[in-house]
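Given next are the chains, with one letter for each unit.
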Amino acid sequence: QVHLVESGGGQVQPGGSLRLSCIVSGSIFNIYTMGWYRQAPGKQREWVATITSNGNTNYANFVKGRFTGSRDNAKNTVYLQMNSLKPEDTAVYYCSASRGTYWGQGTQVTVSA
């Protein structure tokens, strides 16, 4: 059984920063491509970033230059550093392993003054 647990969400003012973490247990973490997604109220879940098993990253256009994904295979953890946050970044953020096979429960990010 593979478990993903996100943390690090919260409320922040526009322009602020947060770092999300996602710990994976129950499997061999370093073989997985990891992804970050988000879902805002009333909207569909959307892809945010991908971090491959060797650390290569790819980002949605709306977060390029502001968000940075990384991973620590020794800690079975993937991160999403979010800078220059905007109100439109408000959403529940989810991590995913193996290209959508496994999902965490999500962590709320709220960006408001």
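As a reminder, the structure under discussion sits directly above these lines.
Residues numbered from 1 in each chain as written. Predicted model: local features only at pLDDT ≥ 70, side-chain atom pairs only at ≥ 80, totals over all residues. Heavy atoms only, no water.

Enquirer: Explanation requested: the nonpolar core in the structure shown.
Expert: Nonpolar side chains tend to gather and get buried jointly when the protein is soluble and globular. Formed by 28 residues in total, the largest nonpolar core has its most connected members in Met34, Trp36, Leu80, Met82 and Tyr93. Contributing elements (two or more residues each) for this core: β3 (18-25), β4 (34-39), β5 (46-51), β8 (77-82), β9 (91-97) and β11 (107-111). Excluding anything up to four places from it in sequence, methionine 34 contacts Leu4, Cys22, Val24, Phe29, Ala49, Thr50, Ile51, Arg71, Val78, Ser96 and Ala97. (Core = buried A, V, L, I, M, F, W, Y, C linked by side-chain atoms within 4.5 Å. Buried < 20%, exposed > 50% of the residue type's maximum accessible area, 1.4 Å probe, protein only. Helix = DSSP H or I, 4+ residues; strand = E, 2+ residues; numbered from the N terminus. Contact = heavy atoms within 4.5 Å.)

Enquirer: I keep staring at the packing of aromatic side chains and nothing clicks. Help me out?
Expert: Within a pair of aromatic rings, the relevant descriptors are the distance that separates the centres and the angle that separates the planes. The final tally for this structure, using the stated rule, is two aromatic pairs. Where tyrosine 32 meets tyrosine 102, the ring centres are 6.0 Å apart and the plane angle is 55 degrees; that geometry is what we call tilted. Of this pair, tyrosine 32 sits in the loop between β3 and β4 while tyrosine 102 sits in strand β10 (residues 102-103); the two residues are 70 residues apart in sequence, bridging distant segments of the chain. The lysine or arginine in question, arginine 45, covers the ring of tyrosine 94, its NZ or CZ lying 3.8 Å from the ring centre. Directly above the aromatic system of tryptophan 103 lies the positively charged group of arginine 45, at a separation of 4.7 Å from the ring centroid. (Phe/Tyr/Trp six-rings, centres within 6.5 Å; stacked < 30°, edge-to-face > 60°. Lys NZ or Arg CZ within 6 Å of the ring centre and 35° of its normal.)

Enquirer: What's the story with the state of the cysteines in this structure? I'm lost.
Expert: By definition, a disulfide links two cysteine residues through a covalent bond between their sulfur atoms. For the structure on display, the rule yields one disulfide. Note that cysteine 22 is cross-linked by a disulfide to cysteine 95, the S-S spacing being 1.8 Å. In this structure, the disulfide formed by cysteine 22 and cysteine 95 twists by about 45 degrees around the S-S bond and is classed as right-handed. In this pair, cysteine 22 is assigned in strand β3 and cysteine 95 in strand β9, connecting sequence segments 73 residues apart. A residue is classified by how much of its surface remains accessible, and cysteine 22, at 0% relative accessible area, is buried. (Disulfide = S-S within 2.5 Å.)

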